[in-house]
Amino acid sequence: MAAKESTGPGENAPLIRLRDIAKHYEMGSQLVRALDGVSVEINRGDWVSFIGSSGSGKSTFLNILGCLDRPTRGQYFLNGAYVEELGPNQLAEIRNREIGFIFQSFNLLPRATALGNVAQPLIYRRIGYRRRREMAREALRRVGLEDRVDHLPNQLSGGQRQRVAIARALVTEPSILLADEPTGNLDSRTSADIMQLFDQLHREGQTLILVTHEEDVAGLGDRVVELLDGKIIRDRRAGEPLA
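Here the structure is a predicted model, which means the values were calculated and not measured.

Visitor: Help me understand the packing of aromatic side chains, please; the structure alone is not making it clear to me.
Guide: Aromatic ring pairs are described here by two measures, namely the spacing of the ring centres and the angle between the planes. The tally for this structure, following the rule as stated, stands at 3 aromatic pairs. Between Phe-50 and Phe-61 the ring centres are 4.4 Å apart and the planes differ by 40°, which places this aromatic pair in the tilted class. Taken together, the positions of Phe-50 in strand β3 (residues 47–51) and Phe-61 in helix α1 (residues 58–65) put the pair 11 residues apart, joining distant regions of the chain. Among the residues examined, Phe-50 registers a relative accessible area of 1% and is labelled buried. A relative accessible area of 2% places Phe-61 in the buried class. With centroids separated by 5.9 Å and ring planes inclined at 5°, the aromatic side chains of Phe-101 and Phe-103 adopt a geometry described as stacked. In this structure Phe-103 comes out as partly exposed when scored by relative accessible area, which is 27%.

Visitor: Would you explain α1 in this entry?
Guide: For the α-helix, the turn length of 3.6 residues means that residues three or four positions removed from each other point alike. For α1, the tally of buried residues reaches 6 of 8 residues, placing the bulk of the element in the interior. A positive backbone phi angle near 60° is found at Cys-67, which sits one or two residues after α1.

Visitor: What is the right way to look at the packing of helix α5 (residues 158–170) against helix α6 (residues 188–203) in this model?
Guide: Helix-helix packing is characterised by the crossing angle of the two axes and by the distance between the axes. In contact at an axis separation of 10 Å, α5 and α6 are set at 20° when each is read in the N-to-C sense. Viewed along their axes, α5 and α6 adopt a mutual orientation that is roughly parallel. In this structure, α5 crosses over α6, and the sense of that crossing is right-handed. In this structure, α5 contributes Gly-159, Gln-162, Arg-163, Ile-166 and Leu-170 to the contact, and α6 contributes Thr-190, Asp-193, Ile-194, Leu-197, Phe-198 and Leu-201. Per-class residue counts for the contact of α5 with α6 are 6 nonpolar, 3 polar and 2 charged.

Visitor: How should I be thinking about the side chain of Glu-226 in this particular structure?
Guide: Position of Glu-226 relative to the elements: it lies in strand β9 (residues 223–228). Looking at Glu-226, its side chain comes within polar contact range of the side chain of Arg-236, at 2.7 Å.

Visitor: How should I be thinking about unusual backbone geometry in this particular structure?
Guide: Note on backbone geometry: most residues besides glycine have negative phi, and most peptide bonds are trans. With phi around 50°, Asn-79 is a residue other than glycine that occupies positive phi space. Counting through the fold element by element, Asn-79 comes out in the loop between β4 (73–78) and β5 (81–82). With relative accessibility at 28%, the residue Asn-79 sits in the partly exposed group. Residues other than glycine seldom take positive phi values, yet Glu-181 does so here, at roughly 45°. Tracing the backbone through its elements, the reader meets Glu-181 in the loop between β7 (176–180) and α6. Classification of Glu-181 as buried rests on a relative accessible area of 9%.

Rules used throughout
- Residues numbered from 1 in each chain as written.
- Predicted model: local features only at pLDDT ≥ 70, side-chain atom pairs only at ≥ 80, totals over all residues.
- Heavy atoms only, no water.
- Phe/Tyr/Trp six-rings, centres within 6.5 Å; stacked < 30°, edge-to-face > 60°.
- Helix = DSSP H or I, 4+ residues; strand = E, 2+ residues; numbered from the N terminus.
- Buried < 20%, exposed > 50% of the residue type's maximum accessible area, 1.4 Å probe, protein only.
- Axes fitted to C-alpha atoms, helices over the stretch in contact; angles between N-to-C directions.
- Parallel < 35°, antiparallel > 145°, perpendicular 65-115°, else oblique.
- Left-handed = near helix turned anticlockwise from the far one by under 90°.
- Contact = heavy atoms within 4.5 Å.
- Nonpolar A, V, L, I, M, F, W, Y, C, P; charged D, E, K, R; others polar.
- Polar contact = N/O pair within 3.5 Å; in protein donor to acceptor, adjacent residues only side chain to side chain.

In structure tokens:
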């Protein structure tokens, strides 16, 4: 069993707590400090955007936050569990139960319908066929695609495919939605529609974490955390002036 973070009786611990997280790689004779001492807390119900240019550490941070990679040093607590003590099977379980992933490239199964794609994560929970379909239909309804359940990905627009991806992330009722450049492959009008959907989910109480390089996208949430050269250089409320 993973250790639980001690917070004391009656205290509300952050949903996510990272302490001095670093990730270093060796490339030949050079040491690359992809992350270099990142500490951040995120509460349940927050909408936090992490922003930075290429090479800032966003991708590495995303992989660690999503339990896809382990840090070189530091501590990561997710919903009270100490992630570093989890084995491979426990990590897979926590990814399935705690984190809903939304990718820039959608990552949909091309031969599965919208319903089949959304139901896919529920297979790993051993939920029965009929119940899986009920849950997937409800998730598609939440994102406005109840009339597209039998469509294949190539029969959907880019915005509709991203909505399917969001429904797939929602269907497991995760603690957090983790979105990697969710508007990166969409035109400006479709991007606005997707961000409006994120706003709706946030108002319903969903915790959202976005990784982006777009200031206008980052600024739609509650808080913007700026990364540069593997470090947090600023943690501000959305809407605060940059200077």
